[in-house]
Every structure is written in structure tokens, then in C-alpha cells.
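Here are the chains, one letter per residue:
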Amino acid sequence: MDYTSPMSRIIAIANQKGGVGKTTTTVNLSAALASMHKRVLLIDLDPQGNATMGCGIDKHQVEAGIFEVLVDAMGVHDASRKSPENGCDVLPANSDLTAAEVELMNMEQREQRLHQALEQVREDYDFILIDCPPSLNILTLNAFVAADSVLVPVQCEYYALEGLSALLETIDGVRESVNPQLAIEGLLRTMYDGRNRLGVEVSTQLVQHFGEQVFRTVVPRNVRLAEAPSHGISIMQYDRTSRGALAYLALAGEILRQLSRAARPEDPASASDKASPQQETAQETAQEPIQEPGQEPVLETEGAADRQPVPGSGTADTAFSDAEHLDVGAPDEAAPTVDTHKGRTPSISEQASVRPDTESADG
Ligand SMILES: Nc1ncnc2c1ncn2[C@@H]1O[C@H](COP(=O)(O)OP(=O)(O)OP(=O)(O)O)[C@@H](O)[C@H]1O
Ligand SMILES: [Mg+2]
């Protein structure tokens, strides 16, 4: 088997909970993969158009985009454009997309529209990442039908697990009806702040509930990630040495390794490097300074950021070496042929059983 032959992977980034880092993950993971010479198409499936703006495209000036693809059956290449800064193609959105929901309702095979469009172009890309809206509507359903897998960003805060059951049930439903191959790419902990006891507890609970379905890479709360979209560029262009950039490079590396292992199941090194409950809990409690109640959160400076460990990836240093290992010049990772997460996800209670005792620190 030719492990270097290009094959595409379509990943929907979804969580119907709002503000958990879906768009941030879609834009920056796309840019990280593009920086590793992967051919990437980013699809903005959210009428808010945040991913479009985050790629430097003015959503008010979008003449053709995902709306035309879904409703008018326009070709993806005709409706997409290059984002030179981020190194990927973008299928943009604007608020017209809200109307697409209504128009789709009257169409035949309405949940298949995106799938049909992407089948025409998927071999032109190594990765197609879809930024989903914060609801389980017909747009998100289109993403699940078109995708090979779902990446679920989970914010490490109170109510983090709320709604996850509904999301996973929806994924199961799609798997049982129209897309049996749909896998869970992984649960990604976002906006993690190791100084916040609640964040640490939620992170630990996630690993205990979902085990290897949780990415080892943890995205820290990092002000650079919040600043980059206002410049219309990804974190790779805005500050490639920031902890946010390192985390998304590490995530790209983790996904590439995961796919590489899935393509070579006989490889003895095929044991997953996803988080295990015991390992992760020990890592986090050992490495993460926990903010004591009443203690002021330490605002991040780049110097402080460099010293603070990145949980799940070891430290910022190991995240960096991880990224370097997979960065430009490294041979292309193998293409995926087998999904790595076939099993059903255990059902969970609707919310974390922990209570907030400190405010989240930003920085
Ligand atoms: N790791 C992070 N550190 C700091 N800020 C972050 C981080 N991730 C996301 N943010 C910020 O949090 C806010 C919400 O993030 P984002 O827009 O990615 O979430 P979303 O899930 O796409 O939201 P929506 O559900 O509205 O589409 C944004 O202002 C973003 O800049
Ligand atoms: Mg969003």
C-alpha cells in the first residue's frame, strides 16, 4: 500500500453549545495543516460567518459561497476562493445562509446536499474542515452526512458536558441511517486554564468519561488566539510561537499520526496516543499549577506562557517539538483508510458534577 498517496479526510467541527472554540479550531487547524503542506478546504457552514472573517474574507462582500453550493448546486471550486494568508481554500458563508435552512427544507435529499457537492472535489484536498453552527439543525446534519468524522471542541468550564449526549446521539443517528462510516475524530479540550481548579476537574472528567476519544492535545486559553481573527489571519501567521499556535500544530500532528496508524493497523506502534484516564489525571494534577480561590489569575505574558505547561501534550516544549517533528520538510503522513474510533461512546450525565469555585482566568 502506498502510504503517501493523497486521500482526503472530511472533518466536521461541531458542538451545538455556543462559544466553545469551533471556529477558532477550524481556522487554526486548517492553517496548521496547510503549513504542513496539506491541501486544505475550509467550509464555513455557520451563518455568523466567523470563520470566513477569520480567514480575511469580508462576509458582507461574499458573492458566492456555501449558500450557492447548497441551494443552487454551484460547484465547490466556483464558490470557493484562496485565503493566501492562511494557505487554504475557503468556501465562505454570509448571513444568507440562514435562508438556506428554510430553502433546504423544501428540497429532496436535503441532508445530502453538501455530501453530493464534496464528492466532486474531495480528491483535490487532503483535509476538508467544516465549521458548524451552534445548533443541531439541517446545516449541521449536512456536515455529518458529508463528513468522515466529527471533532468536538469542549470548553473546560462549568456545563462543559451539557448537551454532549444530544450531540453524540445525533451522530449515532446519522451513523445508523445515512453515514455508517461517521467516526468521532476526537474531543478537544479548549480554553484550558490550568490555574482554574474547575477547568482541571472538567478536563479530568472528560478523560474519565471518554477515555481515548479525548485528544491528548489541549488548547490553552491564549489571548493571541482571540486576537488573531480581528486581523483576518490565523494564529500561524499572527504569532507562530504563541502557545495557541503550538497547540494547534500539535493537534494537527496528533490527527496525522492517528490517521497514519489507522492506515497501518499491523504496526506495533499503533497503540493510540490519546489520553488515558489514569495517565491524564496524573499528568494534569502533577503539572498544572491550580489557582487557589481568591488568588488573582496571572495574566499571560509570552515569557510566562513559555514556562506554563500545556497539559495533555506534556509541556509547551514538547508541543513545540511535536510540531517541529511534523512540520515542513517531514515526509507526508500516510493517508487514512480506516477510522480509528468505531465504538459507541458511553452515555454520560448531562453535565459535570463539579461546581465552579473560581472564575476562569483569561490571558
Ligand atoms: N483557546 C482560546 N483562548 C482564548 N480565547 C479563545 C480560545 N478559543 C476561542 N477563543 C475565543 O472565544 C470566543 C469563542 O470562540 P469561537 O468563536 O471559536 O467559538 P465557537 O464555538 O465557534 O462559537 P459559536 O458557537 O458562536 O460559533 C471567541 O472570541 C474566540 O476568539
Ligand atoms: Mg463559530
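What you see is a predicted model; the values in this text were computed from it and never measured.

Engineer: Mind showing me how you'd approach the overall build of the protein here?
Structural biologist: On a plain count of helices and strands, the protein comes out with 15 helices and eight strands. A total of 363 residues make up the protein; the buried ones form 55% of that total. Within the protein, contacts between residues separated by at least 24 positions form 82% of all contacts whose residues are at least 6 apart in sequence.

Engineer: Please explain the site of ligand 1 as it appears in this structure.
Structural biologist: Looking at ligand 1, there are 20 residues lining it, with Gly18, Lys22, Thr23, Thr24 and Pro134 nearest. Among the elements of the structure, helix 1 (22–35), strand 7 (183–192) and helix 10 (223–227) are those that each provide at least two residues to the shell around ligand 1. In terms of residues, the shell around ligand 1 owes the most to one element, helix 1, which gives three residues. In terms of residue class, the shell around ligand 1 is built from seven nonpolar, 10 polar and three charged.

Engineer: Can you help me understand the pairing of strand 6 (residues 149–155) in this one?
Structural biologist: For a regular strand, side chains alternate in direction, first toward one face of the sheet and then toward the other. Extensive coverage of strand 6 is indicated by the burial of seven of its seven residues. Going residue by residue along strand 6, you find Ser149, Leu151, Pro153 and Gln155 tucked away on one face and Val150, Val152 and Val154 tucked away on the opposite face as well. Where strand 1 (residues 9–13) meets strand 6, three bridges bridge the pair, whose relative direction is parallel. What sits directly across from Ala12, in strand 6, is Val150. When strand 6 meets strand 7, the two strands line up parallel, connected through seven bridges. If you follow Val152 over to strand 7, its bridge partner there is Leu187.

Engineer: Can you help me understand the sheet that holds strand 5 (residues 127–131) in this one?
Structural biologist: Within a sheet, neighbouring strands are paired by backbone hydrogen bonds and run either parallel or antiparallel to one another. Taking strand neighbours across the sheet as the criterion, the eight strands line up as 3-4-2-5-1-6-7-8 in an open arrangement whose pairing is mixed. Edge strands, defined here as strands with exactly one partner in the open sheet, are strand 3 (81–83) and strand 8 (214–220). Taking the axes of each pair of neighbouring strands and ignoring which way they run, one obtains an average angle of 25° across the sheet. Where strand 3 meets strand 4 (residues 88–91), three bridges bridge the pair, whose relative direction is antiparallel. Bridge assignment links Arg81 to a residue of strand 4, and that residue is Val90.

Engineer: Any chance you could explain helix 1 here in plain terms?
Structural biologist: Each full turn of the α-helix corresponds to 3.6 residues, which orients residues three or four apart in the same direction. An ideal rise of 1.5 Å per residue puts 20 Å on 14 residues; helix 1 measures up with 20 Å between its terminal C-alpha atoms. Of all 14 residues in helix 1, 14 are buried, a share of seventy percent or more.

Engineer: I would appreciate a short explanation of helix 7 (residues 138–146) in the present structure.
Structural biologist: Helix 7 sits mainly inside the fold: eight of its nine residues count as buried. The set of residues buried in helix 7 consists of Leu139, Thr140, Leu141, Asn142, Ala143, Phe144, Val145 and Ala146.

Engineer: In this structure, what is going on with the packing of helix 1 against helix 12 (residues 243–263)? I would like to understand it.
Structural biologist: Helices that pack against each other are described as a pair by the angle of their axes relative to one another and the distance between those axes. Two elements in contact, helix 1 and helix 12, have axes separated by 9 Å at closest approach and are oriented at 65°. Compared by their axis directions, helix 1 and helix 12 come out roughly perpendicular. Considering the relative orientation of helix 1 and helix 12, their crossing is right-handed. Taken together, the residues of helix 12 that come into contact with helix 1 (itself represented by Asn28, Leu29, Ala32 and Leu33) are Tyr248, Leu249, Leu251 and Ala252. Its residues assigned to classes, the contact of helix 1 with helix 12 comprises seven nonpolar, one polar and no charged.

Engineer: How should I be thinking about unusual backbone geometry in this particular structure?
Structural biologist: Trans peptide bonds make up the majority, and among non-glycine residues the majority have a negative phi. Positive phi, normally seen in glycine, also occurs at Gln109, with a value near 50°. By the element assignment, Gln109 lies in the loop between helix 5 (97–105) and helix 6 (113–119). Here the phi dihedral of Met191 falls at roughly 50°; this positive angle occurs in a residue that is not glycine. Note on placement: Met191 falls in strand 7. For Met191, a count of 25 C-beta atoms within 10 Å corresponds to the buried category.

Engineer: What exactly am I supposed to notice about the pairing of strand 8 here?
Structural biologist: Here strand 8 lies mainly inside the structure; seven of its seven residues are buried. The pairing of strand 7 with strand 8 spans three bridges and is classified as parallel. What sits directly across from Arg189, in strand 8, is Val218. Since strand 7 and strand 8 lie parallel, the crossover through helix 9 (residues 197–210) that links them has a hand, and here it is right-handed.

Engineer: Where do I start with the confidence of the model for the protein in this structure?
Structural biologist: Do not read the predicted coordinates in detail wherever pLDDT is low. Looking at the protein, pLDDT values average 77 and 71% of them are 70 or higher. With pLDDT under 50 throughout, residues 1–6 is counted as low confidence; its partners more than four residues away or in other chains account for nine contacts. Within the model, the stretch residues 277–363 combines pLDDT values under 50 with 179 contacts to residues more than four positions away or in other chains.

Engineer: Got a minute to help me understand the environment of Glu212 in this structure?
Structural biologist: Following the sequence through the fold, Glu212 ends up in the loop between helix 9 and strand 8. Look at Glu212 and you get partly exposed, because 18 C-beta atoms sit within 10 Å. Spatially, the C-alpha atoms of Glu212 and Gly186 are 8.2 Å apart, while their sequence positions differ by 26 residues.

How each quantity is defined
Residues numbered from 1 in each chain as written. Chains lettered and ligands numbered in written order. Predicted model: local features only at pLDDT ≥ 70, side-chain atom pairs only at ≥ 80, totals over all residues. Helix = DSSP H or I, 4+ residues; strand = E, 2+ residues; numbered from the N terminus. Buried ≥ 20, exposed ≤ 12 C-beta atoms within 10 Å, placed from the backbone. Contact = placed C-beta atoms within 7 Å. Near = placed C-beta within 6 Å. Nonpolar A, V, L, I, M, F, W, Y, C, P; charged D, E, K, R; others polar. Pairing = 2+ DSSP bridges. Axes fitted to C-alpha atoms, helices over the stretch in contact; angles between N-to-C directions. Expected span 1.5 Å × (residues − 1). Parallel < 35°, antiparallel > 145°, perpendicular 65-115°, else oblique. Left-handed = near helix turned anticlockwise from the far one by under 90°. Right-handed = clockwise from strand over helix to strand, strands pointing away. pLDDT = per-residue confidence, 0-100.

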